[in-house]
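The chain contents come next:
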Amino acid sequence: MPYTNEEGGLLNNFAKEPKVYQAEPPTVGQKRNYVILGVAAIILVGGLIFVAFSVSNLS
């Protein structure tokens, strides 16, 4: 553990800092997958809303 001694004999324990790295931009394949998943999510949510309105208007 990385302890430091301060004036007066106090010990401080600092957390380890994570290694910093630069993020890479998404590849063409990843972008395509994001679009496909977004469209699938919109269709799913739209279908759920359609079913909810259909069931609520039956009575």
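Residues numbered from 1 in each chain as written. Predicted model: local features only at pLDDT ≥ 70, side-chain atom pairs only at ≥ 80, totals over all residues. Heavy atoms only, no water.

1. Description of the overall build of the protein chain
Under the convention used in this document: A run of H or I in DSSP becomes a helix once it reaches four residues, and a run of E becomes a strand once it reaches two; helices and strands are each numbered from the N terminus. The size measure is the radius of gyration over C-alpha atoms, and the globule rule it meets is 2.2 Å times the number of residues to the 0.38 power. Note on exposure labels: buried denotes an accessible area under 20% of the residue type's maximum, exposed denotes more than 50%, and partly exposed covers the range between, all computed with a 1.4 Å probe on protein chains only. Positive charges come from Lys and Arg, negative ones from Asp and Glu, while His and the chain ends are left out of the count. Just so you know, the charge point we use is NZ for Lys, CZ for Arg, CG for Asp and CD for Glu.
The secondary structure content of the protein chain amounts to one helix and two strands. Over its C-alpha atoms the protein chain spans a radius of gyration of 26 Å, topping by over 25% the 10 Å that the globule rule assigns to 59 residues. For the protein chain, the C-alpha atoms occupy an extent of roughly 75 × 40 × 15 Å along the three principal directions. Out of the 59 residues belonging to the protein chain, those deemed buried represent 0%. With 4 positive and 4 negative side-chain charges, the protein chain shows a separation of 24 Å between the mean positions of the two kinds.

2. A closer look at a nonpolar patch on the surface
The line we're drawing: Think of a patch as exposed residues, more than 30% relative accessible area, with no salt bridge, where like charges cluster within 9 Å and nonpolar side chains (Val, Leu, Ile, Met, Phe, Trp, Tyr) cluster within 5 Å. A 1.4 Å probe and the Shrake-Rupley method give the accessible areas. Residues count as covered only by the protein chains that appear here. Salt-bridge detection follows one rule: a side-chain nitrogen of Lys or Arg within 4 Å of a carboxyl oxygen of Asp or Glu.
Together, V35, V39 and I43 line one region of the surface with nonpolar side chains, adding up to about 290 Å² of accessible area. Exposure remark for V39: the relative accessible area of 44% places this residue in the partly exposed category.

3. Digging into the environment of L44
Tracing the chain through its elements places L44 in helix 1 (residues 28-56). Separated by 27 residues in the primary sequence, L44 and E17 place their C-alpha atoms 41 Å from one another.

4. Re the environment of A15
Checked against the element boundaries, A15 lands in the loop between strand 2 (11-13) and helix 1. Its relative accessible area of 69% is what places A15 among the exposed residues. Sequence-wise, A15 and Y3 are 12 residues apart; in three dimensions their C-alpha atoms are separated by 9.6 Å.

5. Considering the confidence of the model for the protein chain
Rule in force here: pLDDT expresses, on a scale from 0 to 100, how confident the predictor is about each individual residue.
For the protein chain, mean pLDDT is 88; residues scoring 70 or higher make up 93% of the total. Mean pLDDT per element in the protein chain: strand 1 (residues 3-5) is the minimum at 73, and helix 1 is the maximum at 96.

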